[in-house]
Amino acid sequence: MAPSTTTTELITETRAEFKGSEPKKLPTYEEIRKAIPAHCFEKSIPTSVYYLIQDYVIIAGLYYIVPYVEYYASWPGLLLWYWFMGMFMSSLFCVGHDAGHGTFSEYKWVNDIFGHLAHAPIMAPFWPWQKSHRLHHTYTSHLEKDKGHPWVTEEDHMSRGWFVQNFAKFPLSGLFRWNPIYTFVGLPDGSHFWPFSKLFTNNTERIQCAVSASLCAICAYAAFVLCDYSVYNFIKYYYVPLLFQGLWMVMITYLQHQDEEIEVYEEGTWNFVMGQSQTIDRTYGFGMDKMLHHITDGHVAHHFFFTKIPHYHLPEATVAIQKVLAPYKNIYKKRSCYDFLLEFLRLNMKLEYLLGKGTGLLMYGVSSKYQNLRKSKAA
Ligand SMILES: [Zn+2]
Ligand SMILES: [Zn+2]
């Protein structure tokens, strides 16, 4: 769709309609917080450590069975093994994610140690990602300030070459969008491995980057030793599983923040509750939500209280949030998503860029709100 004045007019009208009903539509942060049972805000070191060990044991178990998988099921078995390895490495990532938010324990030093223990073995520099991820949470659905996955406007899209415009539509691109593209090369937020990248603004952050990246490098070297110094084995049993972990990461985060009806706001329109309410809970089913520490089906609760609620309290907090948001039409978003991989690929094909830059409210051209306005305008 080419830029047109009609687009801007329509979005401006949608914004007027949206803003007009805003006070009725949104509860305050305090109202939401009061609805959550008090014990959901309690952080327990034994519980957090238990889940960390659980993920280590599962990953060790997967490494233990891989010779049998290859022997009995050959490359299709190995492919399936990669898939589950990617998933359980993402579970481990979620434990480090809690540490980064300070919900692993009440103590910063405990969070920093366990965060590195969870993230360094899977090539995620703990402190740098903690920073970029904090910005994602602080400014969720803010056009410019949200980090982690960039919001693409009509103007951005049109100024890009064919390859960049269409890269996300390639099904295999998901394997590379986390690592190396996002964390290592640093597109678009800056490298998480290079202390002098644009992600960091002071020397403390640069030193933290050097420490976290060095710990990743030590883990990679240890993996190389465990692979008997074989580059082939290192790639096959360490690097490729990490690419699958990246695919899971990209898929999970993409599905939490993207669908046809999502709204993105500009400075002046955005506020915290509006931004967080653009997050989506998705049920993957088959026990996966529990194994992934509810990063999938408890993400709205996580977003509102990212420094306060540990992952094991998210299901209960989610029930409370569903109740408190129930009177507000179309605010709480929940989707059954058993076909999560297909949904991820479908949305990557369908959602290209946001319309309405300069009006305060941006949305996809396929959103029902935008389409209804178009129809009423044409009638
Ligand atoms: Zn998020
Ligand atoms: Zn988070």
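Residues numbered from 1 in each chain as written. Chains lettered and ligands numbered in written order. Predicted model: local features only at pLDDT ≥ 70, side-chain atom pairs only at ≥ 80, totals over all residues. Heavy atoms only, no water.

## What about the sheet that holds strand E1 (residues 263-265)?
The line we're drawing: By this definition, two strands are paired if DSSP reports at least two bridges between them. Helix and strand assignments follow DSSP, with helices taken as H or I runs no shorter than four residues and strands as E runs no shorter than two, numbered in order from the N terminus.
The strand order across the open sheet built from three strands is E1-E5-E4, with neighbouring strands paired in antiparallel fashion. Each edge of the open sheet carries a strand with a single partner, namely E1 and strand E4 (354-355). Pairing geometry for E1 and strand E5 (residues 361-364), over three bridges, is antiparallel. What sits directly across from Glu263, in E5, is Met363.

## Describing the coordination of the zinc ion (ligand 1)
Put simply, the rule reads: Here a donor is any nitrogen, oxygen or sulfur atom (N, O, S) within 2.8 Å of the metal, with 3.2 Å used for Na, K and Ca; water is not among the atoms considered, so some sites may look incomplete. Angle rules define the geometry names used: all angles between 85 and 135 degrees makes four donors tetrahedral, while opposite donors over 155 degrees apart and all other angles between 65 and 115 make four donors square planar and six octahedral, leaving every other case irregular. Three labels apply to residues, based on accessible area from a 1.4 Å probe with only protein chains included: buried if under 20% of the type maximum, exposed if over 50%, partly exposed otherwise in between.
Taken together, His136 (NE2), His257 (NE2), His299 (NE2) and His303 (NE2) make up the full set of protein donors to the zinc ion (ligand 1), lying 2.2 to 2.5 Å away. Around the zinc ion (ligand 1) sit four donor atoms; with metal-centred angles ranging over 83 to 173°, the donor geometry is irregular. Sequence positions of the donors to the zinc ion (ligand 1) reduce to the motif H-x120-H-x41-H-x3-H. Separating the zinc ion (ligand 1) from the zinc ion (ligand 2) is a distance of 5.6 Å. Pair noted here: His257 is in helix H11 (residues 231-257) and His303 is in helix H14 (residues 299-304), with a separation of 46 residues, a long-range link. In this structure, His257 and His303 share a single accessibility class: buried.

## Structural notes on the coordination of the zinc ion (ligand 2)
Angles at a metal have ideal values that depend on geometry: 109.5 degrees with four tetrahedral donors, 90 or 180 degrees with six octahedral donors. Coordination of the zinc ion (ligand 2) by the protein is provided by His97 (NE2), His101 (NE2), His133 (NE2), His137 (NE2) and His302 (NE2), with metal-donor distances spanning 2.0 to 2.2 Å. Counting residues between consecutive donors of the zinc ion (ligand 2) along the chain gives the motif H-x3-H-x31-H-x3-H-x164-H.

## Quick word on the side chain of His299
Definition in use: Side-chain atoms alone can form a polar contact between residues adjacent in sequence; in general such a contact is a pair of N or O atoms within 3.5 Å, and within protein one must be able to donate a hydrogen while the other accepts it. The contact rule is simple, with two residues in contact once any of their heavy atoms fall within 4.5 Å.
By the element assignment, His299 lies in helix H14. Of note is the side chain of His299, whose polar atom sits 3.1 Å from the side chain of Gln256. Not counting the four nearest positions on each side in its chain, His299 is found in contact with Gln256, His257, Thr279, Ile280, Asp281 and His294.

## Topic: unusual backbone geometry
A negative phi angle is the norm for most residues apart from glycine, just as the trans form is the norm for most peptide bonds. A cis amide bond, omega 15°, links Asn179 with the succeeding residue Pro180. Looking at the element boundaries, Pro180 is found in helix H9 (residues 177-185). Residue Leu187 is joined to Pro188 through a cis peptide bond whose omega torsion reads 5°. Looking at the secondary structure, you find Pro188 in the loop between H9 and helix H10 (203-226). Positive phi, close to 65°, is recorded for Ser141, a residue that is not glycine. Along the chain, the position of Ser141 falls in the loop between helix H6 (126-138) and helix H7 (154-158).

## Some words on the UniProt feature "domain: Fatty acid desaturase" (unreviewed entry) in the chain
Put simply, the rule is: UniProt positions are given in the numbering used here, feature names are shortened, and annotations may be inferred rather than shown by experiment.
Within the UniProt annotation, "domain: Fatty acid desaturase" (unreviewed entry) is assigned to residues 74-333. Helix makes up 58% of residues 74-333 and strand 3%, with an end-to-end C-alpha separation of 41 Å.

## Some thoughts on the pairing of E5
Of the two faces of E5, the one lined by Leu361 and Met363 and the one lined by Leu362 and Tyr364 are each fully buried. Across two bridges, the pairing between E4 and E5 is antiparallel. Directly across from Leu355, in E5, lies its bridge partner Met363. Joining the antiparallel neighbours E4 and E5 is a turn of five residues, in which Gly356 adopts a positive phi near 105°.

## Considerations on the state of the cysteines
Cut-off, in case you're wondering: The disulfide criterion used throughout: a pair of cysteine sulfur atoms within 2.5 Å.
Applying the stated criterion across every chain yields a total of zero disulfides. Considering cysteine sulfurs only, Cys219 is the nearest to Cys227, which forms no disulfide, with 13 Å between them. Of the residues examined, Cys227 reaches a relative accessible area of 12% and is grouped as buried. The thiol of Cys337 is unpaired, and the distance to the nearest cysteine sulfur, on Cys94, comes to 16 Å. For Cys337, a relative accessible area of 1% gives the class buried.

## A few points about helix H15 (residues 314-325)
To keep it simple, the criterion reads: The length a helix should cover is 1.5 Å for every residue beyond the first. For this quantity, the arc is that covered by the directions from the helix axis to the C-beta atoms.
The first and last C-alpha atoms of H15 sit 16 Å apart over 12 residues, in line with the 16 Å expected at 1.5 Å per residue. Among all positions in H15, only Leu314, Ala317, Thr318, Ala320, Ile321, Val324 and Leu325 are buried. For H15, the buried positions fall inside an angular range of 165° around the axis, keeping them on one side.

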